[in-house]
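# Analysis of the macromolecular model
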Amino acid sequence: MIYDVIVIGAGHAGIEAALAASRMGLSTLIITLSSQAIARMSCNPAIGGVGKAQLVREIDALGGEMAKAADSCGIQFRILNASKGPAVQSSRAQIDMEMYSRYMKEIIEKQGNLFIKEAEVKSLIVSARSVRGVLTDKNEEIWSEAVIICPGTFIDGVIHIGLKSFKAGRINEPAAIDLGQDLKNLGFHLLKFKTGTCSRLDKDTIDFSKLIVQQGDNPAKPFSFSTEKIIQKQIPCYITYTNKRTHKIIFDNLDRSPLYTGVISATGVRYCPSIEDKVVKFSDRERHQVFLEPQGLTVQEIYPNGLSTSLPEDVQIDLIHSIEGLENARVIRFGYGIEHVVLEPTQLYPTLETKLVKNLYLAGQINGTTGYEEAAAQGLIAGINAALRVKNREPLVLDRASSYIGVLIDDLTTKGTQEPYRMFTSRVEYRLILRQDNADLRLREIGWDLELIGRKDYENFKRKKEAINKGFDYIRNTRFPPTEELNNKLSQYKSSPLKKPITLEELLKRPEIDIEKLREIFLLENNFLDILESALRQVEIEVKYAGFIQRQLKDVQRFKNLERIRLPLELDYNCIPSLSKEVKEKLNKFRPLNLGQASRISGVTPAAISILMVYLKSY
């Protein structure tokens, strides 16, 4: 059997990779251990969050599927940091997990050029340091021009519940053993990371009357730029807290914790720690929040976000029963920790192709990340670049000034990671111009050029751009003279009176005035009211933050100047005498594509960058 692209794994990374390659016209095979586990949400039932929502919006802008799936299957939507500036506002949606998996499975089954196969990949077929296909557990040789590995936590996965451990890729699902050894034999440097999940609780055994209710936003705001409105039924979540008794139970049983007895040696997630980690490391805190998330509209399971643990089952029961509202909660499934193989990501190019083996791409947790959104973003880029390689086209590399996806991949491939990597807005230097609301303006054209965007969506995008221009023209050219009536209206919003004619743009720059207040004050004309709401939001942000945005754009230009200076892959840095031994070693190891990437490698000094610039002029 011969395919253009083979994708190993059907999780969030594998789905986006396979859809991208097949939508770009290539015959694509997705190999999974179980077709019933496609797009299974292994951990929390949510998409988005701070930093992660920006990734989801960018996936959508480029033509990926995650945002549309979230909109179809979301049962509660909220804007986080809504009271803060637009740079850190992020969407989050609770997801019906079963519905999400069914949605993605149906999308894959209906996609042309895309085929599904149940099998375990035992090894890669490699010739002359280039991947040629895969060998399955049935001794089938399946050939392809490119292979993308998206295994999640399955390679050499080991689950821990207390001092009991067993091999598994996910609870009740087998681990993939041989592929990890094959990667090691090929010369890759492998690490082991640890992640974990919470127990699942029976909804009917929780006393919700004791809990704090948290409703979603009304109306719910979609993730996808293609979704007009959310039509799915919306339901609440609930909040409770741990207490001193909970913490005592945990402290009393640390001698039975795999984390604190040395059974688990892998590095865990810093920003999503287990409850035992939180209690030990923040021993001064009297309580920790537990966010009770429904896993769907028709299922009994509740996910107690904040109680991730690998403690023994009897201890899990005791600590759960110590929490208000959960005194009689029945555990449907226990939480666990899982160790899994990670390939040190500096062994990848920013295209996500490996440096050791040509035409081999990696995406998702195998690159050291944690989270559905980080995985999906990498899968999309890996799928796009695998397809572009097969088509003999230039690869797609998103830089730090273009997207959160660019920051994610640049961090991984340039800096590496010694712990599970999670995306945050604080990692992004230019976050004021890389907002979730303008992802389409930044990336839609790229998706269209790659043939991942349908004509209808692209036409809507062009109408939005036209509406933004119309909005700017209107507020810049519409001027009002000072009148007693107008000044009285302004005073209602504690805004200073006018002494001379003023444009709507000048008024909108005032902190206390927004688009809605302009509507109320001026009863604005129909040609303004008819402008798309999403376009007006862009106008408002650009006007209010104009000074900051202009400063960031200047920073971006300086950044791009370094990014434009290419470094030949064949360059032998040992031949540049002025570089230190450490810098030579690191540049030869990392093989940066340009001066910008070289400047972000730890230990590569500004002086070394200057030396490289001089050397390149005579190269």
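Residues numbered from 1 in each chain as written. Predicted model: local features only at pLDDT ≥ 70, side-chain atom pairs only at ≥ 80, totals over all residues. Heavy atoms only, no water.

We now examine helix α9 (residues 372-390). Its 19 residues place the ends of α9 27 Å apart at the C-alpha level, agreeing with the 27 Å of an ideal helix rising 1.5 Å per residue. In terms of residue burial, α9 counts as a mostly covered element, since 18 of its 19 residues are buried. Phi turns positive one or two residues past the end of α9, at Asn 392, with a value near 60°. (Helix = DSSP H or I, 4+ residues; strand = E, 2+ residues; numbered from the N terminus. Expected span 1.5 Å × (residues − 1). Buried < 20%, exposed > 50% of the residue type's maximum accessible area, 1.4 Å probe, protein only.)

Counting 108 residues, the largest nonpolar core has Ile 47, Tyr 100, Leu 124 and Ile 149 as its most contacted members. With 12 residues, α9 is the single largest residue contributor to this core. Setting aside its immediate chain neighbours within four residues, Ile 149 contacts Ile 8, Leu 124, Leu 179, Leu 183, Leu 360, Tyr 361, Leu 362, Ala 363 and Ile 366. By size, the runner-up hydrophobic cluster in this structure holds 22 residues, among which are Ile 206, Ile 302, Leu 307 and Val 315. (Core = buried A, V, L, I, M, F, W, Y, C linked by side-chain atoms within 4.5 Å. Contact = heavy atoms within 4.5 Å.)

Tallied over the entire structure, the rule returns 41 salt bridges. Across the salt bridge formed by Asp 514 and Lys 517, the nearest N and O atoms sit 3.7 Å from each other. For Asp 514, a relative accessible area of 24% corresponds to the partly exposed category. Residue classification places Lys 517 among the partly exposed positions, given a relative accessible area of 23%. In this structure, a network of salt bridges that share partners links the residues Arg 400, Asp 410, Asp 411, Lys 415, Glu 429, Glu 563 and Arg 600. (Salt bridge = Lys/Arg side-chain N within 4 Å of Asp/Glu carboxyl O.)

Turning next to the packing of helix α12 (residues 455-477) against helix α17 (residues 533-544). In the contact formed by α12 and α17, the axes pass within 8 Å of each other and the chain directions differ by 50°. What the angle tells us is that α12 and α17 run oblique. Considering how the two elements wind past one another, α12 and α17 form a crossing that is right-handed. Listed contacts from α17 to Lys 464, Ala 467, Ile 468, Gly 471, Phe 472 and Ile 475 of α12 are Ser 534, Ala 535, Gln 538, Val 539, Glu 542 and Val 543. In the contact of α12 with α17, the residues fall into 7 nonpolar, 3 polar and 2 charged. (Axes fitted to C-alpha atoms, helices over the stretch in contact; angles between N-to-C directions. Parallel < 35°, antiparallel > 145°, perpendicular 65-115°, else oblique. Left-handed = near helix turned anticlockwise from the far one by under 90°. Nonpolar A, V, L, I, M, F, W, Y, C, P; charged D, E, K, R; others polar.)

Mapped onto the elements of the fold, Lys 278 is located in helix α7 (residues 275-281). One buried charged side chain, Lys 278, makes no salt bridge at all; its nearest oppositely charged neighbour is Glu 276, positioned 9.1 Å away. A polar contact is formed between the side chain of Lys 278 and the backbone oxygen of Gly 306, at a distance of 3.1 Å. Leaving out residues up to four positions away in the same chain, Lys 278 has contacts with Pro 273, His 288 and Gly 306. (Lys, Arg positive; Asp, Glu negative; His and termini not counted. Polar contact = N/O pair within 3.5 Å; in protein donor to acceptor, adjacent residues only side chain to side chain.)

Alignment of strand β10 (residues 158-161) against strand β11 (residues 164-167), held across 4 bridges, turns out to be antiparallel. Following the sheet pairing, Ile 159 is matched in β11 by Phe 166. The loop that links β10 with its antiparallel partner β11 comprises 2 residues; one of these, Gly 162, has a positive phi angle of about 65°. (Pairing = 2+ DSSP bridges.)

These figures capture arrangement, not role.
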